[in-house]
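Chain by chain, the residues:
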Amino acid sequence: DSGVTQTPKHLITATGQRVTLRCSPRSGDLSVYWYQQSLDQGLQFLIQYYNGEERAKGNILERFSAQQFPDLHSELNLSSLELGDSALYFCASSGLNEQFFGPGTRLTVL
Amino acid sequence: AQKVTQAQTEISVVEKEDVTLDCVYETRDTTYYLFWYKQPPSGELVFLIRRNSFDEQNEISGRYSWNFQKSTSSFNFTITASQVVDSAVYFCALSEARRNTDKLIFGTGTRLQVFP
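Just so it is clear, the structure is predicted and the values come from calculations on it, not from any experiment. (Residues numbered from 1 in each chain as written. Chains lettered and ligands numbered in written order. Predicted model: local features only at pLDDT ≥ 70, side-chain atom pairs only at ≥ 80, totals over all residues. Heavy atoms only, no water.)

Undergrad: Got a minute to help me understand the sheet that holds strand E1 (residues 5-7) of chain A in this structure?
TA: In a beta sheet, neighbouring strands are held together by backbone hydrogen bonds and run either parallel or antiparallel to one another. All names here are of chain A. Reading across from one edge, E1-E3-E8-E7 is the order of the four strands in this open sheet, with antiparallel pairing throughout. In this open sheet, the two edge strands, each paired with only one partner strand, are E1 and strand E7 (64-68). Neighbouring strand axes in the sheet, compared pairwise and without regard to direction, differ in orientation by 15° on average. One ladder, built from five bridges, connects E7 with strand E8 (residues 74-78); its direction is antiparallel. By the bridge assignment for E8, glutamine 67 is matched with glutamate 75. (Pairing = 2+ DSSP bridges. Helix = DSSP H or I, 4+ residues; strand = E, 2+ residues; numbered from the N terminus. Axes fitted to C-alpha atoms, helices over the stretch in contact; angles between N-to-C directions.)

Listed below in structure tokens is the structure:
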């Protein structure tokens, strides 16, 4: 158990819908990262937050957004979903340059 | 540009064989970190090791060992006496410490299948 929690574990929804993925980092970790793992794109960095502020952005679509709250948990919002958004979404948190990953949320868009 | 290459897409071995997973990286920075993660069939990403660019000592942890060679920009991972439980996808990753983020750049992964 990495100490990073993600909910829900599975999510099935339809095209055009909006979903929210939630992540709680390990106790004491200020950084939260979101990654997407898909068959065609592999494991890709989406976005990083540090203590509530956006720190870095990767290949994140404009339809996607994220935030980190004062209690340090983070949410990834995916809107206008398309079939190609089906993927495993990981959250990670880090202390001293070691990133520990949550179990992931498997999103299926039908 | 940062890049991680894992040229081996899939490797199959029989139990007790030794196996080496290759990882080649590209970066312009002098300070960086290299990682290996394991993704078993259950899907989670399990942290195995982090190595910084100034430490070229090889590391051994039980049946696992890592060989870091800056001269060839490689960070290879060897499993000795492989076991069925080692079957997983293994990812090599890179992060650059100098920038304001330590996001990970992953390779495409190597699927290891260990047969009994």
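Undergrad: I keep staring at the state of the cysteines and nothing clicks. Help me out?
TA: According to the stated counting rule, one finds two disulfides over all chains in the structure shown. Note on cysteine connectivity: Cys23(A) is disulfide-linked to Cys91(A), with sulfurs 1.7 Å apart. Handedness here is read from the sign of the S-S torsion; for Cys23(A) and Cys91(A), about -50°, the answer is left-handed. Pair noted here: Cys23(A) is in strand E3 (residues 19-24) and Cys91(A) is in strand E9 (residues 87-94), with a separation of 68 residues, a long-range link. In this pair, the class of Cys23(A) matches that of Cys91(A), namely buried. Cys23(B) shares a disulfide with Cys92(B); S-S distance 1.9 Å. Residues Cys23(B) and Cys92(B) are joined by a disulfide whose S-S torsion is about -65°; by sign, that bridge is left-handed. Placement of the pair is Cys23(B) in the loop between strand E3 (19-21) and strand E4 (24-26) and Cys92(B) in strand E10 (residues 88-96), with a sequence separation of 69 residues. By relative accessible area, which is 0% here, Cys92(B) ends up buried. (Disulfide = S-S within 2.5 Å. Buried < 20%, exposed > 50% of the residue type's maximum accessible area, 1.4 Å probe, protein only.)

Undergrad: Would you take a moment to explain the nonpolar core for this structure?
TA: In a soluble, globular protein the nonpolar side chains are often hidden away together inside. Counting 24 residues, the largest nonpolar core has Trp36(B), Trp66(B), Phe77(B), Tyr90(B) and Leu112(B) as its most contacted members. When contributions to this core are tallied by element, the ones reaching two or more residues are strand E2 (10-14), E3, strand E5 (32-39), strand E6 (46-52), strand E8 (64-69), strand E9 (74-79), E10 and strand E12 (110-115) of chain B. Sort the elements by how many residues they give to this core and E10(B) lands first, with four residues. Dropping the residues within four chain positions of it, Leu112(B) is found in contact with Ile11(B), Val13(B), Val19(B), Ile79(B), Asp86(B), Ser87(B), Ala88(B) and Tyr90(B). Ranked by size, the runner-up nonpolar core spans 22 residues in total, among them Tyr49(A), Ile60(A), Leu78(A) and Phe100(A). (Core = buried A, V, L, I, M, F, W, Y, C linked by side-chain atoms within 4.5 Å. Contact = heavy atoms within 4.5 Å.)

Undergrad: How do you make sense of the pairing of E5(B) when you look at a structure like this?
TA: Every regular strand shows the same layout, with side chains that alternate between the two sheet faces. Residue and element names in this part refer to chain B. The buried fraction of E5 amounts to eight of the eight residues, a majority that puts the element mostly inside the structure. Of the two faces of E5, the one holding Tyr32, Leu34, Trp36 and Lys38 and the one holding Tyr33, Phe35, Tyr37 and Gln39 are both buried throughout. Looking at chain direction, E5 and E10 are connected through eight bridges and run antiparallel. In the sheet register, lysine 38 faces E10, and the bridge partner there is tyrosine 90. Judged from the six bridges that link them, E5 and E6 form a sheet pairing that is antiparallel. Bridge assignment links lysine 38 to a residue of E6, and that residue is valine 46. Hairpin connection from E5 to E6: six residues lie between these consecutive antiparallel strands, with glycine 43 at a positive phi of about 105°.

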